[in-house]
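# Survey of secondary and tertiary structure
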Amino acid sequence: MQTVLQNLIFSLNAIIPIFLMMVLGWFVRKWNLLDDHSVGKLNQFTFRVLLPALLFMDLSTADFQSVWDTKFVLFCFIATCLSIGIAVCFSLFHKEKTERGEIIQASYRSSAAILGIAFVNNIYGEATMAALMIVGTVPLYNVFAVIALEVTAPRTEHNTNRKKLALQTLLEVVTNPIILGIVAGILWSVLKIPQPVILSKSVSYLGNMATPLSLIALGASFHWRAAKEKFPVVVEISVLKLIAFCGVFLPAAIWLGFRNEELTAILVMLGSATTGSCFVMAKNTHHEGAITAFAIMVTTLLSALTLTAWLFLLRTLGYV
């Protein structure tokens, strides 16, 4: 019973502050401290500067070469690919084509970079496997999210040419600030380029602002009326995100021999809440963002319970 309570308290401590930042954003908008224009600019600033800095900060300082585990990274990569495939198939049942990109990324993208390291470090005192999990998932998360959002973005009659659309999508992927941040971070780590104190401090200042500001912008952009209409699909996204993927891939991970820190990192990868950066990316690819915002809020609240339940189950069975 004490273990259950400790796990619940830990999950609540990790999840509730995220939700409170969204609530703060909603109140800030209600108090007219932010208007639609300033929220839009805040989203752009987060997308183009803060999130790339956060990913660069996480990846450039990780010593991947000394702790590299090919089997683990490959499992994370393959599980993510299959999760994306399931999310794509799931989105095809939704009639509104321009909302499919939001459904896809909200279904498979987890708070791997933000929650993963904190979660694993809190349990084991180190987050080596969480860092490797980020290598196997976060680049794929972002690359496919850009593709899915660009392909399904609302189009005008001037940009529906297929060849032009393909070139535009490719250009958006190659020049996407988040993709550039990931590539720069991995190269910096692999090449062992030293980081001057001035650079590391400046990047950390920007990276540490990314999560709170993106969540505040999400809350400020949230509209209850629009969210109510999306409730059925958000419930389905939540079941897929928090329960189904874990139910499918955790047994496979156990069968392959992953235990303890590895299995906990995989649990976070599969079953944590939809990351707040999904909303920023959705808005910056001209999507409405209602499904994404509501999915982030619902999965954030529910994941405190589902993550605790999964962790308790794995501990009871002796796997972590």
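Shown above is the structure to which this text applies.
All values derive from a computational prediction rather than experimental measurement.

### Notes on the overall build of the protein chain
Helix and strand content of the protein chain: 14 helices and zero strands. Each helix and strand of the protein chain, ordered N terminal to C terminal, gives the series α-α-α-α-α-α-α-α-α-α-α-α-α-α. Classification of the 320 residues of the protein chain by burial places 52% in the buried group. Within the protein chain, residue pairs in contact and separated by at least 24 positions form 85% of the contacts whose partners lie at least 6 positions apart. Approximately 15,000 Å² of the protein chain is accessible, and the part contributed by carbon and sulfur atoms is 68%.

### Topic: the environment of Lys-283
As for its position among the elements, Lys-283 is in helix H13 (residues 277-284). The spacing of Lys-283 and Glu-102 is 181 residues in sequence and 9.9 Å in space, taken between C-alpha atoms.

### Quick word on the side chain of Thr-80
As for its position among the elements, Thr-80 is in helix H3 (residues 70-91). Among residues more than four places away in sequence, those in contact with Thr-80 are Gly-136, Thr-137, Leu-140, Tyr-141 and Met-269.

### Re helix H8 (residues 177-190)
For H8, with 14 residues, the first-to-last C-alpha span of 20 Å sits near the 20 Å given by 1.5 Å per residue. Lys-192 lies just past H8 and shows a positive phi near 55 degrees.

### A look at the pattern of salt bridges
One pass over the structure, following the stated rule, counts one salt bridge. For Glu-99, the salt bridge is made with Lys-230, and the minimal N-O distance between the two is 2.6 Å. Of this pair, Glu-99 sits in the loop between H3 and helix H4 (100-108) while Lys-230 sits in the loop between helix H10 (224-229) and helix H11 (231-255), placing them 131 residues apart in sequence.

### Side note on the packing of aromatic side chains
Each aromatic ring pair is summarised here by two numbers: the centre-to-centre distance and the angle between the ring planes. Enumeration over the complete set of coordinates arrives at nine aromatic pairs. Ring geometry for Phe-56 versus Trp-188: centroids 5.3 Å apart, planes at 85 degrees, classification edge-to-face. On the criterion of sequence distance, the pair formed by Phe-56 in helix H2 (residues 36-60) and Trp-188 in helix H8 is long-range, its members being 132 residues apart. A ring pair is formed by Phe-245 and Phe-249, whose centres lie 6.4 Å apart and whose planes are at 40 degrees; its orientation type is tilted. Of this pair, Phe-245 and Phe-249 both sit in helix H11, separated by four residues, roughly a single helical turn. Accessibility classification places Phe-245 together with Phe-249 in one group, the buried group. Through a chain of ring-to-ring contacts, three or more aromatic side chains come together here, namely Trp-26, Phe-27 and Trp-31. If you follow Lys-71 out to its NZ or CZ, it ends over the ring of Phe-258, 5.3 Å from the centre.

### Focus: a nonpolar patch on the surface
On the surface, Val-183, Leu-187, Val-190, Leu-191 and Ile-193 cluster together into a nonpolar patch covering about 430 Å² of accessible area. Here Val-183 shows up in helix H8. Exposure remark for Val-183: the relative accessible area of 42% places this residue in the partly exposed category.

### Focus on the nonpolar core
By size, the foremost hydrophobic cluster in this structure holds 78 residues, and its most contacted members are Phe-72 and Ile-266. Excluding anything up to four places from it in sequence, Phe-72 contacts Met-129, Leu-132, Met-133, Phe-258, Glu-262, Ala-265 and Ile-266. Grouped together as the second largest cluster of nonpolar side chains are six residues, Val-28, Val-39, Ala-217 and Ala-220 included.

### Re the packing of helix H12 (residues 260-271) against helix H14 (residues 290-316)
Geometrically, a packed helix pair is captured by the angle between its two axes and the distance between the axes. Contact pair H12 / H14: the axes reach a minimum separation of 11 Å and the direction vectors enclose 150 degrees. In terms of orientation, H12 lies roughly antiparallel with respect to H14. Two packed elements cross with a definite hand, and for H12 against H14 that hand is right-handed. Note on element contacts: H14 touches H12 through Ser-303, Thr-306, Leu-307, Trp-310, Leu-311 and Leu-314, opposite Leu-263, Leu-267 and Gly-271.

Rules of the game
- Numbering of residues starts from 1 in each chain and follows the order in which that chain's sequence is written.
- The model is predicted, so local features are restricted to residues of pLDDT at least 70 and side-chain atom pairs to those at 80 or more, both for listing and for counting; the totals for chains, interfaces and linings are taken over all residues.
- Note that water and hydrogens are dropped before the side-chain values are worked out from all heavy atoms of the structure.
- The numbering of helices and of strands both runs from the N terminus, where a helix is a DSSP run of H or I of at least 4 residues and a strand a run of E of at least 2.
- Relative accessible area decides the class of each residue, using a 1.4 Å probe on protein chains only: under 20% of the type maximum gives buried, over 50% gives exposed, and in between gives partly exposed.
- Should any heavy atoms of two residues lie within 4.5 Å, those residues are considered in contact.
- Computed with a 1.4 Å probe, the accessible areas rest on the Shrake-Rupley method; for each residue, only the protein chains presented here act as cover.
- Helix span is expected to be 1.5 Å times the residue number reduced by one.
- Each reported salt bridge corresponds to a side-chain nitrogen of Lys or Arg within 4 Å of a carboxyl oxygen of Asp or Glu.
- Classification of ring pairs uses Phe, Tyr and Trp, with its six-membered ring standing for Trp, and accepts pairs whose centres are within 6.5 Å; under 30 degrees between planes counts as stacked, over 60 as edge-to-face, and the remaining range as tilted.
- Two conditions define a charge sitting above a ring: the NZ of Lys or the CZ of Arg must be within 6 Å of the ring centre, and it must be within 35 degrees of the ring normal.
- Residues enter patches when they are more than 30% accessible in relative terms and free of salt bridges; like-charged ones are connected within 9 Å and nonpolar ones (Val, Leu, Ile, Met, Phe, Trp, Tyr) within 5 Å.
- What we call a nonpolar core is a set of buried Ala, Val, Leu, Ile, Met, Phe, Trp, Tyr and Cys residues that are connected through their side-chain atoms within 4.5 Å.
- Every axis in this analysis is a line fitted to C-alpha atoms, fitted for helices over the stretch in contact. Angles between the N-to-C directions lie between 0 and 180 degrees.
- Working rule for angles: under 35 degrees goes down as roughly parallel, over 145 as roughly antiparallel, 65 to 115 as roughly perpendicular, anything else as oblique.
- When the near helix sits turned anticlockwise from the far one by under a right angle, the crossing is termed left-handed; a clockwise turn instead gives a right-handed crossing.

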